[in-house]
Amino acid sequence: MIDTIKKHGGILAVAALLSTALVAVTHALTEDTIKEQQQIQLSKALNQVIPEDRHDNPLHQSCRLIENKDALGTDDAQPFYVATLGGEVSAVAIQAIAPNGYNGAIKVLIGMDATNHQVLGVRVLEHNETPGLGDKVSLRVSDWIRSFSGKTVTSEDDARWAVKKDGGQFDQFTGATITPRAVVGAVKKAAWFVSQHQDALINQPVNCGGAS
């Protein structure tokens, strides 16, 4: 009986080792492909929030890591990108986190004109919101995220930057107010932060190659 148990235990141990080795090999083989796909998606999002006719530099290579929990919604440093056209700064983009989504954190990317700080575009990079309700923040599902384009935050307490249910200018979703409220709040805080500290942010050293 003891010998049988030892035998089965040995078989299970070998199986576990083989499974672990297989996972490790699979990860090693796919890691570069995953990183490449992430870079492609990042470049696509950057070119959506800062249109290609507004810059002639590779945006993902102009990245600085910025820390500011109050403005960016997280303790983790977030990427800040500088767009140039003919050698002059034309636009900027920053990543921020809406920590108070219905199903957790929502990662957003905000592009802004470097002169008047008007929002050029916003895209949701990651979310776990409910399909059919909160996922309408994704451009794949609805055009709601386009409603930020052309708007400017005029003060830290700009009341227009809220959903209509709270007296603001942005639509909420039927049965899902929490998600758009979280995104609007995150974009407002990040956009105001950039408008007030843009020169200092631009002068930070280039120290990252893309969003984390």
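For the structure itself, consult the block above.
Model, not experiment: these values are computed from the prediction.

Asker: I'm lost on the overall build of the protein chain in this one. Help?
Answerer: When helices and strands are tallied, the protein chain shows three helices and five strands. Mapped in sequence order, the helices and strands of the protein chain form the string α-β-α-β-β-β-β-α. Out of the 212 residues belonging to the protein chain, those deemed buried represent 40%. Nonlocal contacts in the protein chain, meaning residues at least 24 apart in sequence, comprise 51% of its contacts between residues at least 6 apart. By element, 53% of the accessible surface of the protein chain is carried by carbon and sulfur atoms, the whole surface being about 11700 Å².

Asker: In this structure, what is going on with the nonpolar core? I would like to understand it.
Answerer: Grouped burial of nonpolar side chains is what soluble globular proteins tend to show. Counting 37 residues, the largest nonpolar core has F80, I110, F148 and V183 as its most contacted members. Counting residues per element, the ones that place at least two in this core are α2 (69-72), β2 (78-85), β3 (88-101), β4 (104-113), β5 (119-126) and α3 (178-202). Sort the elements by how many residues they give to this core and α3 lands first, with eleven residues. In this structure, I110 is in contact with V49, V92, A93, I94, A96, V119, G121, V122, V187 and A190, ignoring residues within four places of it in sequence. Residues I50, L59, Y81 and L109 belong to the second largest nonpolar core, which totals 14 residues.

Asker: I would appreciate a short explanation of the state of the cysteines in the present structure.
Answerer: Two cysteines whose sulfur atoms are joined by a covalent bond form what is called a disulfide. Across all of its chains, the model carries one disulfide by this definition. The residue that forms a disulfide with C63 is C208, at a sulfur-sulfur distance of 1.8 Å. One quick way to see it: the torsion about the S-S bond of C63 and C208 is about -70 degrees, and its sign makes the bridge left-handed. Here C208 lies in the segment after α3 and C63 lies in strand β1 (residues 63-66), a separation of 145 residues in the sequence. Owing to a relative accessible area of 0%, C63 belongs among the buried residues under this scheme. Take C208: its relative accessible area is 15%, and that puts it in the buried class.

Conventions we followed
Residues numbered from 1 in each chain as written. Predicted model: local features only at pLDDT ≥ 70, side-chain atom pairs only at ≥ 80, totals over all residues. Heavy atoms only, no water. Helix = DSSP H or I, 4+ residues; strand = E, 2+ residues; numbered from the N terminus. Buried < 20%, exposed > 50% of the residue type's maximum accessible area, 1.4 Å probe, protein only. Contact = heavy atoms within 4.5 Å. Areas by Shrake-Rupley, 256 points an atom, 1.4 Å probe, with all protein chains shown as cover. Core = buried A, V, L, I, M, F, W, Y, C linked by side-chain atoms within 4.5 Å. Disulfide = S-S within 2.5 Å.

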